[in-house]
Amino acid sequence: MARTASTMLALGTQAPDFQLPDVVSGQTISLSTFADKQALLVMFICQHCPFVKHIQDQLAQLGQDYATQNLGIIAISANDAKKYPDDGPDSLKTMAQTLGFTFPLCYDETQAIAKAYTAACTPDFFLFDANRQLIYRGQLDDSRPGNDKLVTGQDLRAAIDAALANQPINPDQTPSIGCNIKWKPGNEPAYYG
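Worth saying up front: this structure is predicted, and the values here are computed from it rather than measured.

Trainee: Just to check I follow, could you spell out the packing of aromatic side chains for this structure?
Mentor: Two descriptors summarise a pair of aromatic rings, namely the distance from one centre to the other and the angle between the planes of the rings. Throughout the structure, instances matching the rule amount to 6 aromatic pairs. When the ring of Tyr-117 is compared with that of Phe-126, the centres are 5.7 Å apart and the planes differ by 70°; the resulting orientation is edge-to-face. The buried category is assigned to Tyr-117, whose relative accessible area is 0%. Chaining the aromatic ring pairs together yields one cluster made of Phe-44, Tyr-117, Phe-126 and Phe-128.

Pasting the structure below:
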């Protein structure tokens with residue numbers, strides 16, 4: 001479990017498109033799925049990582065709290081399911097159903113989408129505005145496994161609320177910390193390691 005930080009992709013970066021299967025419904029999800037949403041949150045998560053387990057209830061709560069607002073949410077897992085079967089589509093489906101996710105959880109089997117977003121860790125968060133330009137990337141909040149801080153989602157929620165209110169978002173953002181994405185052998189991106 002390598003403790004890894006977000007790459008902190010440049011603010012203003014255009015959201016890369018994707019076509020990924022939702023592990024629950026089987027439907028293909030893409031950027032256009034959220035075309036009518038004012039903002040879009042893309043989260044890279046997995047099932048087995050202790051950093052994700054630490055915040056998974058808050059992720060489910062985020063989905064519920066913003067379900068009636070103009071925010072699209074998608075979660076993506078890109079871990080090598082051959083080496084980490086707990087992060088394969090079947091386990092991810094169980095995770096989504098058990099936690100009551102109200103948003104699609106997709107599996108990035110080729111890991112191409114994780115690379116396109118320069119996702120480095122689980123969890124890794126990317127928030128885009130109506131033009132699908134990056135306005136926030138960083139931590140959910142400053143709670144980590146073992147640091148006894150309450151999981152509130154305050155950093156990410158503040159960014160989402162500002163985006164939905166058409167308010168500026170503080171560019172001084174703290175990287176997310178988590179387990180590194182489990183790249184398939186030979187598929188590690190240049191920014192890994």
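After that view, the rundown keeps rolling.
Trainee: What should I look at first to understand the sheet that holds strand β1 (residues 3–5) in this one?
Mentor: Sheet strands associate in pairs through backbone hydrogen bonding, adopting either a parallel or an antiparallel arrangement. Taken together, the 3 strands give an open sheet; going across it, the order is β1-β10-β7, and neighbouring strands pair in antiparallel fashion. The strands lining the two open edges of the sheet, one partner per strand, are β1 and β7 (121–122). Those strands touched by helix α1 (residues 50–65) are β1, β7 and β10 (177–180), and its axis lies near 130° from that of β10.

Trainee: What is the right way to read the pairing of strand β4 (residues 39–44) from this model?
Mentor: Side-chain positions along a regular strand alternate between the two faces of the sheet. Here β4 lies mainly inside the structure; 6 of its 6 residues are buried. With burial as the criterion, each face of β4 is covered, one bearing Ala-39, Leu-41 and Met-43 and the other bearing Leu-40, Val-42 and Phe-44. Sheet topology places β4 next to strand β5 (residues 71–77); 6 bridges connect them, and they run parallel. Paired with Met-43 across the two strands is Ala-75, which belongs to β5. Traced from β4 through α1 to β5, the parallel crossover comes out right-handed.

Calculation notes
Residues numbered from 1 in each chain as written. Predicted model: local features only at pLDDT ≥ 70, side-chain atom pairs only at ≥ 80, totals over all residues. Heavy atoms only, no water. Phe/Tyr/Trp six-rings, centres within 6.5 Å; stacked < 30°, edge-to-face > 60°. Buried < 20%, exposed > 50% of the residue type's maximum accessible area, 1.4 Å probe, protein only. Pairing = 2+ DSSP bridges. Helix = DSSP H or I, 4+ residues; strand = E, 2+ residues; numbered from the N terminus. Contact = heavy atoms within 4.5 Å. Axes fitted to C-alpha atoms, helices over the stretch in contact; angles between N-to-C directions. Right-handed = clockwise from strand over helix to strand, strands pointing away.

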